[in-house]
Amino acid sequence: MAWLTKSRFMAGRQCAKRLWFEVNEPLEAHAADSMPLRQGRAFDEFVRALWPGRVIARGRGMPAAIAETSRVFAAGGAPVLHQAAVRHGDFAVIADVLRRDRGESQLIEVKASTSVKPEHLPDAAFQALVMRSAQVAVDRVLLGHVNNQFTLERAGEFDGLLVEADLTPQVEALLPTLGEQAVALHRVMALRAAPDVAMGPQCHLPYDCPFIERCARGAAPADLSTHRDERVRAGAVFLDRGAAAELREAPYPHSFLDFETIALAVPEVVGTRPYEQLPFQWSLHVEQASGEVSHGEYLAIEAFGDFDALASALLEVVPAQGSVFAYNAGFEARALALLARLCPAHATRLHALAARLIDLLPITRRAYYHPRMQGSWSLKAVIPTIAPDLAYGELADVRDGEGAQLAFLDLREGRVDGSRRAALTKAMLDYCRQDTWSLVQLARFLSAAA
Ligand code: SF4
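Residues numbered from 1 in each chain as written. Predicted model: local features only at pLDDT ≥ 70, side-chain atom pairs only at ≥ 80, totals over all residues.

Glancing now at the overall build of the protein. Counting its secondary structure elements, the protein contains 16 helices and 14 strands. Seen through its C-alpha atoms, the protein measures out along the principal axes to roughly 80 × 55 × 45 Å. Across the 450 residues in the protein, those meeting the buried criterion constitute 33%. Taking all contacts inside the protein whose residues are at least 6 apart in sequence as the whole, residues at least 24 apart take part in 69%. (Helix = DSSP H or I, 4+ residues; strand = E, 2+ residues; numbered from the N terminus. Buried ≥ 20, exposed ≤ 12 C-beta atoms within 10 Å, placed from the backbone. Contact = placed C-beta atoms within 7 Å.)

Shown next, in the form of structure tokens:
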């Protein structure tokens, strides 16, 4: 019988069906990568470097890790032990850190989040339950998380990036009922068929369930009959070009701007904080009153962090006059404000550029709806309804912002080389260019004569 691990325990708390799927019918190709996973791994590595100690190897599987941990305990343990694997009966856990501090045994769960979240409590409590059941002392339970007030003042100096929050009282309060819950979830794993659970809010809380596509297959399309927007409820095409008058009045040249950014749990660039959205790429289409269009772009991989170069390149090609469009322009405004902070020499021009931003999202929201948008005004929902040839699904490798961030990290960390590196770079450029070209098409569509 499979063991109830911490990740299965947390999956089961979210949804019994999810737990059953994970054990009995796992996804063939698990979506192994995401920005939260990358940020988590980066923060784990940071903590390992911060607290040097014995590290239990994980590469040979859980039983081997449990055996190695037992040998370490039998030999007297270690002041700091990373990835200790412990089993008690049908339950097995891996603790991020076990630390001895002034005679106290501490269990430290490491999370790349910036605060303690409700789901961290049962996560840490299950580990404490299994550890104590296996006779491993746990006097205190802590959460090591990211301090988002930290600023990297000097390269490599991370004092203050990690915050330790004491979860002991909350964990102790959970423990009396946790064992029973764990036993019940372990029984779910052994059911002959998946429990009957309807889709609901639990599919996204506290995490997006990886089985959404499977559960949604054959399910009725999303019910939009109670949507707050009357046009969505009506389910018909709506177009009121009068509501886009602002577009027709906007002075030329029309610039269309999009930034791609990365949020790092462990800041790399001096002067930045954890999770600040740092630009690494931009695309700019410029349309003259004559209809002539030009394009500029910038992508920093090795040069990431040289924001002066990124801002200078943008200021060189963006017209000094006219309108600057973006979609959900608050994002571009924040990127420009951050660049102004990091590049004081360009601050005046960057602030002036931000002041010219016109947000195409609220204009589109007022002027247009198509039932295929399914109640969403995201650019990726809108564009296929007005320009089917611009479907994002047709793009290679990079089809959304997170895809661009993962590609950026793959390139920056040297995970790919040769032709794959060239292909990924091209995919990033294609994706960002498509975003601003989509804005050109959208503006033309909305401002066409009625
Ligand atoms: S998609 Fe929803 S119902 Fe299906 S397994 Fe996941 S959480 Fe459960």
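Attention shifts here to the site of the ligand. Taken together, 13 residues form the shell around the ligand, and within it Cys15, Arg18, Cys203, Cys209 and Cys215 come nearest. Residue assignment for the shell around the ligand shows that the elements contributing at least two residues are helix H2 (16-24) and helix H7 (212-216). Sorting elements by how many residues they give to the shell around the ligand places H2 first, with three residues. Of the residues contributing to the shell around the ligand, the split by class is nine nonpolar, two polar and two charged. (Near = placed C-beta within 6 Å. Nonpolar A, V, L, I, M, F, W, Y, C, P; charged D, E, K, R; others polar.)

So, about the environment of Cys343. On the secondary structure map, Cys343 appears in the loop between helix H11 (330-342) and helix H12 (347-355). Classification of Cys343 as partly exposed rests on a count of 19 C-beta atoms within 10 Å. Along the sequence, Cys343 and Phe307 sit 36 residues apart, while their C-alpha atoms lie 6.9 Å from each other. Dropping the residues within four chain positions of it, Cys343 is found in contact with Phe307, Asp308 and Ala311.

Okay, unusual backbone geometry next. Geometrically, the link from Leu205 to Pro206 is a cis peptide bond, its omega value of 0 degrees lying close to zero. Counting through the fold element by element, Pro206 comes out in the loop between helix H6 (168-189) and H7. Of note, the bond from Tyr252 into Pro253 is cis; its omega dihedral lies within 30 degrees of zero at -5 degrees. The phi dihedral of Tyr275 falls on the positive side, at around 65 degrees, and the residue is not glycine. Inspection of the secondary structure assignment puts Tyr275 in the loop between strand E9 (254-263) and strand E10 (277-287). A residue is classified by how many C-beta atoms lie within 10 Å of it, and Tyr275, with 17 of them, is partly exposed. The phi dihedral of Asn328 falls on the positive side, at around 60 degrees, and the residue is not glycine. Inspection of the secondary structure assignment puts Asn328 in the loop between strand E12 (323-326) and H11.

To continue, consider the sheet that holds strand E13 (residues 357-359). Overall, mixed pairing links the five strands, which are arranged E11-E10-E9-E12-E13 in an open sheet. The sheet is open, and its two borders are formed by strand E11 (293-299) and E13, each paired with just one other strand. If you compare each strand with its neighbour and ignore which way they point, the axes differ by 30 degrees on average. Sheet topology places E10 next to E11; seven bridges connect them, and they run antiparallel. Paired with Gln281 across the two strands is Leu299, which belongs to E11. Relative to the sheet, helix H13 (residues 360-367) contacts E12 and E13, its axis offset from that of E13 by approximately 30 degrees. (Pairing = 2+ DSSP bridges. Axes fitted to C-alpha atoms, helices over the stretch in contact; angles between N-to-C directions.)

Burial of strand E5 (residues 104-110) is extensive: five of the seven residues sit out of reach of the surface. Bridge count for strand E4 (residues 91-101) against E5 is five bridges, and the pairing is antiparallel. The partner of Asp101 across the bridge, within E5, is Glu104. In textbook terms, the turn of a hairpin is the stretch between consecutive antiparallel strands, and for E4 and E5 this stretch comprises two residues, one of which, Arg102, has a positive phi near 50 degrees. Across five bridges, the pairing between E5 and strand E6 (residues 140-146) is parallel. Of the residues in E6, the one forming a bridge with Val110 is Gly144. Since E5 and E6 lie parallel, the crossover through helix H5 (residues 120-133) that links them has a hand, and here it is right-handed. (Right-handed = clockwise from strand over helix to strand, strands pointing away.)

Within the element layout of this structure, Arg233 appears in helix H8 (residues 230-234). Residue classification places Arg233 among the partly exposed positions, given that 13 C-beta atoms sit within 10 Å. Taking the C-alpha atoms as reference points, Arg233 and Pro371, separated by 138 residues in sequence, lie 9.2 Å from one another. Setting aside its immediate chain neighbours within four residues, Arg233 contacts Leu224, Ser225 and His227.

This part takes up the nonpolar core. Within the largest apolar cluster, 63 residues are counted, with the highest numbers of intra-cluster contacts made by Val93, Ala128 and Met131. Inspection of this core shows a minimum of three residues originating in each of domain 1 (4-215) and domain 2 (230-450). Counting 40 residues, the second largest nonpolar core, distinct from the first, contains Val232, Trp282, Leu439 and Phe445. (Core = buried A, V, L, I, M, F, W, Y, C linked by C-beta atoms within 7 Å. Domains from an automatic or database assignment.)

This part takes up the domain arrangement of the protein. Its domain assignment divides the protein into domain 1 (4-215) and domain 2 (230-450). With centres defined by C-alpha atoms, the gap from domain 1 to domain 2 works out at 37 Å. Of all the elements, helix H3 (residues 35-50) adds the most residues to the side of domain 1 that touches domain 2, at six residues. Its residues assigned to classes, the side of domain 1 that touches domain 2 shows ten nonpolar, five polar and four charged.

On to the packing of helix H1 (residues 6-14) against H2, then. Interhelical geometry of H1 versus H2 gives an angle of 140 degrees and a closest axis separation of 5 Å. The pairing of H1 with H2 is recorded here as oblique in orientation. The segment H1 lies against H2, with Arg8, Ala11, Gly12 and Gln14 engaging Ala16, Arg18, Leu19, Glu22 and Val23. Here the residues of the contact of H1 with H2 are counted per class, giving four nonpolar, two polar and three charged. (Parallel < 35°, antiparallel > 145°, perpendicular 65-115°, else oblique.)

Moving on: H3. The terminal C-alpha atoms of H3 lie 22 Å apart, and with 16 residues this matches the ideal 22 Å at 1.5 Å per residue to within 8%. Those residues of H3 that sit buried are Arg38, Gln39 and Phe43. What you see down the axis of H3 is that its buried residues fit within an arc of 130 degrees, all on one side. Structurally, H3 contributes buried residues whose contacts are with E5, E6 and helix H15 (401-412). (Expected span 1.5 Å × (residues − 1). Arc of directions from axis to C-beta.)

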